[in-house]
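Working through the structure, step by step
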Amino acid sequence: MVAGWKVAVYVVLPLMLLCIAIALLCIYLKRRRLRQYTSMKKARGPVTISPSRTSIKSHQSSSESSGTPLAEEFWVPVLKPGGGEAGSAVELVGSQVQPFSRRRPSMSARLENSSFDPNSEMYKRLEMMKTKEPTIEYAGELHFALHYNKDMGILTIRLIQARDLQPREFSGTADPYFKISVLPDEPRTLQSKIHRKTLDPEFEEKFAFEIPPTDLPNRTIRFLLFDYDQFSRDECVGQVLLPLENVDLSERVELWKMIESYKIRTPEKKPDLGDLLMTASYLPTAERLTIVILKARGLENTPHNKRPDPYVKVSILYAGKRLKKKKTSTRHSTTNPVYNEALVFDVGREFMDHVYIELVIVHENRFGQNQGMGKVVLSAESEGEELEHWKSLAASRKGTARWHCLQPLQPD
């Protein structure tokens, strides 16, 4: 009982007094504004409006007593008997009074097509942005020299050096080499030496091509930059194209050219879920299928933006049923796991042509259900790189390592 009395005295009573004070302050401000408005109205004096002319005149006595500047005379737009506005006939006597103007339409008003100017500078800039060509990605610079022996019809290409090459994602370096050919009719492709772990290789190599003088202006030299990978196929990372019609070969020429990033355009962009490097081999005599999981790269983080704990689950499917499955060990807190693990399956020769090899990268969730991150399927019905890998599996007993882009999992 005593505690309730203290709450009423120390909490409720101050709040009531505060509310009363605020209400009195609002009443006072409202009355003050009303008095100011009444005094201003008396100071201005009466307003006389005629059918064609309106004038505001303040009495001399009021102006002298209040000291308020008087507004000058001006014409007010008058509606004509026909209903139209006489806005065009507004006559201004004073310089401070603005002419009558219509009210601007609101943002919700309906827009008319006539109000848009298709020749506006804004639309021209938008059109230029749409038609603008994509920028060329820089992949380094190439230094080379050309010499043409007109009597013998031999073009000598001296590969000198390259600089500022782009490193690999994981190692921070590269193992570059070049493949050189002359387009479009030269079938030969010559290759330079591989330079290990460098982004500024020095080659100092010469390559010779036999080209008749009459065909020289129609030829184009192509330099393809490759990055050597001992586990899989080498990746082409850049190119230089030099049309010979723009080059004066009457004497020795030495040039620096920018290396453009070499990317194969695909008609449909697939989601970037990462890549898996693996190899597969089949021994018919032992009816043994060996899948070697080497590594993965570029995996996505978990929904909580943490690094995943991935492992690879390999399944052998036949007629829509999962015959066998195995998995690798788990790598913790990494988006670029390295496994180097071999999984062996016994698959009969009569089933080998009709099975599906499914590889799924799974994030091992310690506190809930595991999450699939992407998959690769090898079969006779696959497409692209997966189909090529399947064909090499059937044609050779020796496995070939290949990178495969992870595809999204189908929802259950």
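Residues numbered from 1 in each chain as written. Predicted model: local features only at pLDDT ≥ 70, side-chain atom pairs only at ≥ 80, totals over all residues. Heavy atoms only, no water.

In the nomenclature of an unreviewed UniProt entry, the protein chain is known as Synaptotagmin-5-like isoform X4 of Branchiostoma floridae. The protein chain has a UniProt comment under Sequence similarities (unreviewed entry) that states "Belongs to the synaptotagmin family." (UniProt positions renumbered as here; feature names shortened; annotations may be inferred.)

Read from one edge to the other, the open sheet built from eight strands follows the order 6-5-8-9-10-3-4-7, with strand pairing classed as antiparallel. Each end of this open sheet is capped by a strand with a single partner; those strands are strand 6 (190-191) and strand 7 (202-210). In terms of strand pairing, strand 4 (residues 154-163) meets strand 7 through seven bridges, oriented antiparallel. Of the residues in strand 7, the one forming a bridge with Ile 157 is Phe 207. (Pairing = 2+ DSSP bridges. Helix = DSSP H or I, 4+ residues; strand = E, 2+ residues; numbered from the N terminus.)

Let us now look at the pattern of salt bridges. One pass over the structure, following the stated rule, counts ten salt bridges. Notably, a salt bridge pairs Arg 158 with Glu 204, separated by 2.9 Å at the nearest N-O pair. Here the residue Arg 158 occupies a position in strand 4, and Glu 204 occupies one in strand 7, the gap between them amounting to 46 residues. With a shortest N-O distance of 3.8 Å, Glu 287 and Arg 349 are connected by a salt bridge. On the criterion of sequence distance, the pair formed by Glu 287 in the loop between strand 11 (275-283) and strand 12 (288-297) and Arg 349 in helix 4 (residues 349-352) is long-range, its members being 62 residues apart. According to the relative accessible area criterion, Glu 287 is partly exposed, its value standing at 28%. The class for Arg 349 is exposed, based on a relative accessible area of 52%. (Salt bridge = Lys/Arg side-chain N within 4 Å of Asp/Glu carboxyl O. Buried < 20%, exposed > 50% of the residue type's maximum accessible area, 1.4 Å probe, protein only.)

Time to look at the pairing of strand 10 (residues 253-261). Looking at chain direction, strand 3 (residues 138-149) and strand 10 are connected through seven bridges and run antiparallel. By the bridge assignment, Phe 144 is partnered in strand 10 with Leu 255. Direction of pairing for strand 9 (residues 235-243) relative to strand 10: antiparallel, over a ladder of two bridges. Bridge pairing in strand 10 links Gln 239 to Glu 260.

Okay, a nonpolar patch on the surface next. Where nonpolar side chains cluster on the molecular surface, the patch consists of Val 9, Tyr 10, Val 11, Val 12, Leu 15 and Met 16 and spans about 570 Å² of accessible area. Relative to the helices and strands, Val 9 is located in helix 1 (residues 2-44). (Patch = residues over 30% accessible without salt bridge, like charges linked within 9 Å, V, L, I, M, F, W, Y side chains within 5 Å. Areas by Shrake-Rupley, 256 points an atom, 1.4 Å probe, with all protein chains shown as cover.)

What follows deals with unusual backbone geometry. In this chain, Leu 183 is followed by Pro 184 through a cis amide linkage whose omega measures 5°. In this structure, Glu 204 takes a positive phi of about 55° despite not being glycine. For Glu 204, a relative accessible area of 47% puts it in the partly exposed group. Of note, Glu 287 is a non-glycine position whose phi angle comes to about 50°, a positive value.

Attention shifts here to helix 5 (residues 384-395). Since the α-helix packs 3.6 residues into each turn, any two residues three or four apart lie on the same face. The terminal C-alpha atoms of helix 5, which comprises twelve residues, lie 17 Å apart, in line with the 16 Å expected from a rise of 1.5 Å per residue. Of the positions making up helix 5, those classed as buried are Glu 386, His 389, Trp 390, Ser 392 and Leu 393. End-on view of helix 5: buried residues confined to an arc of 165°, all on one side of the axis. Turned more than 90 degrees off the buried face of helix 5, the exposed positions are Ala 394 and Ala 395. (Expected span 1.5 Å × (residues − 1). Arc of directions from axis to C-beta.)

Pairing in this open sheet of four strands is antiparallel, and the strands run 15-12-11-18 from one edge to the other. The sheet terminates laterally at strand 15 (338-346) and strand 18 (402-405), the two strands that pair on one side only. Here the strands of the sheet are splayed against their neighbours by 30° on average, with no regard to which way each runs. Looking at chain direction, strand 12 and strand 15 are connected through seven bridges and run antiparallel. (Axes fitted to C-alpha atoms, helices over the stretch in contact; angles between N-to-C directions.)

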